[in-house]
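Single-letter residue listing:
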Amino acid sequence: MSLPIVALVGRPNVGKSTIFNRIINSRVAIVEDKAGVTRDRIYARAEWMGHEFILIDTGGITLDSGEIEEQIKAQAEIAIDEADVIVMLGDVTQHMTNMDETIAKMLYRTKKPIILAVNKADNPEQRTDIYDFYSLGLGDPIPVSGSHGTGMGDLLDAIVGEFGDKANQHEDDSIRFSVIGRPNVGKSSLVNAILGEQRVIVSNIEGTTRDAIDTTFTNDGQKYTIVDTAGIRRRGKVYEKTEKYSVLRAISAIEESDITLLVLDASTGIREQDKHVAGYAHDAGRGVIIVVNKWDLPKKDSTSMKDFENTIRQEFQYLDYAPIVFVSAKTGQRVPDILKLVKEVHGNQTRRIKSSVLNDLLLEATRITPTPLVNGKRLRIYYMTQVAVTPPTFVVFVNDPELLHFSYQRFLINQLRQNFDFVGTPIKILARKRK
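Undergrad: Explanation requested: the sheet that holds strand E17 (residues 428-433) in the structure shown.
TA: Remark on secondary structure: sheet strands pair via backbone hydrogen bonds, oriented parallel or antiparallel. Strand order in the open sheet formed by 3 strands is E15-E16-E17, with mixed pairing between adjacent strands. A single partner strand is all that each edge strand has here, and the edge strands are strand E15 (381-388) and E17. With direction set aside, neighbouring strand axes in the sheet form an average angle of 25 degrees. Sheet topology note: the E15/strand E16 (residues 393-398) ladder contains 6 bridges and is antiparallel. Residue Ile381 lies in a different strand from E16, and its bridge partner there is Val398. Where helix H12 (residues 355-368) meets the sheet, it contacts E15 and E16, and its direction lies at approximately 140 degrees from that of E15. Across the sheet, helix H13 (residues 406-420) lies against E15, E16 and E17, angled at about 125 degrees from E17, the strand it touches most.

Undergrad: Please explain the packing of aromatic side chains as it appears in this structure.
TA: The description of an aromatic ring pair uses the distance of the two centres, along with the angle that the planes make with each other. Enumeration according to the criterion identifies 12 aromatic pairs in this entry. Summarising the aromatic geometry, the rings of Trp295 and Phe308 are spaced 5.9 Å apart at their centres and angled 90 degrees between planes, so their arrangement reads as edge-to-face. Residue Trp295 is found in the loop between strand E11 (287-293) and helix H10 (304-315), and its partner Phe308 is found in helix H10; the two are separated by 13 residues along the sequence. Taken together, a centroid distance of 6.0 Å and an interplanar angle of 90 degrees make the contact between Phe308 and Phe326 edge-to-face. Separated by 18 residues along the polypeptide, Phe308 in helix H10 and Phe326 in strand E12 (residues 324-326) bring together distant segments of the chain. Summarising the burial analysis for this pair, Phe308 and Phe326 share the class buried. Between the NZ or CZ atom of Lys300 and the centre of the ring of Trp295, over which it lies, the distance is 5.3 Å. If you follow Arg434 out to its NZ or CZ, it ends over the ring of Tyr382, 3.7 Å from the centre.

Thresholds applied
- Residues numbered from 1 in each chain as written.
- Predicted model: local features only at pLDDT ≥ 70, side-chain atom pairs only at ≥ 80, totals over all residues.
- Heavy atoms only, no water.
- Pairing = 2+ DSSP bridges.
- Helix = DSSP H or I, 4+ residues; strand = E, 2+ residues; numbered from the N terminus.
- Axes fitted to C-alpha atoms, helices over the stretch in contact; angles between N-to-C directions.
- Contact = heavy atoms within 4.5 Å.
- Phe/Tyr/Trp six-rings, centres within 6.5 Å; stacked < 30°, edge-to-face > 60°.
- Buried < 20%, exposed > 50% of the residue type's maximum accessible area, 1.4 Å probe, protein only.
- Lys NZ or Arg CZ within 6 Å of the ring centre and 35° of its normal.

Nothing here speaks to function; it is geometry throughout.
So this is what it looks like as structure tokens:
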């Protein structure tokens, strides 16, 4: 199920980053009383009253023509283009400006739900100064204070009220997997090779794919839905030349998927963008399969595959659970292995282990490696149980959750992998104090 996307837009220094941090309850965006601090889009998952969504903070939109200003505007336009709901922010202390009117006209043309919020309404007197914003024609302005948190409930109620059917979508019964990676690694060619037909336009020009394409098909009696990661929808040099502009589309595809295929280019090797995108799949708890495409291009010897695999393991240490497959979408080499891995990883994601079996494992694990002493106090683990799947999530009940150090948590995860073969899926262990 795809999460709704909400974009915060407005002119510089109206407090978008403060509102962003307030909604996600974290200081992710840099906040400074200076225009132009936020340049790139920043995005995070947010939740209100049981509704999850992706929130995007954008840089302030101006009419200046400098290179940085143009890139900020481009970033904001991409966010607007991707968003299901747009929140335009004004500043009550500066009243409505000509730039507010220009942005409102730009947003009005999108035909998308637009919520007008007026920030820095920190006291009752300021909240009565919002009325000139009615002339923007975007409906009733909502007075808010990002600094103090007042009015945020009203704003969030308005946001989730615009989600409509998108908030109530239901999962289908297919295994959904997305194809992610930086531009020009052969994602569309790989989709075509998996499907066995030309369903997606293929070109060697970066950014050819401009809309997400979901295709459902059946293989050996199993139904799958493949989500081809879209590139950047709008045209223009500034969109084409910067690889990071594709990240939001990759995140959307990840959110719609059970499993992600991280596609690398064997001919160019690993780049920072590969690791940046892969991190989102891992953090989202999705299954991950690393697909090295274009394996037909490099010159190889008897150790080439092992050497490349070692490089991957070094560069993607947090994905040590992800299987690696070397393929060529052009020749079809090992492409059939991908669906076999997808099915295997999905089975691992949804596997449930009986508590009695888990506690036998726990007893043996603590015998092999006793629990650590922390400041003279020993961690005691009483029992373990599985509480969720996709990803498999386990709770250990202990005497003090703070004593469960990351290293011992990692040890327990490795024991689970060795005994139950959770290939391709992350595992989460949570500590709870036994009552």
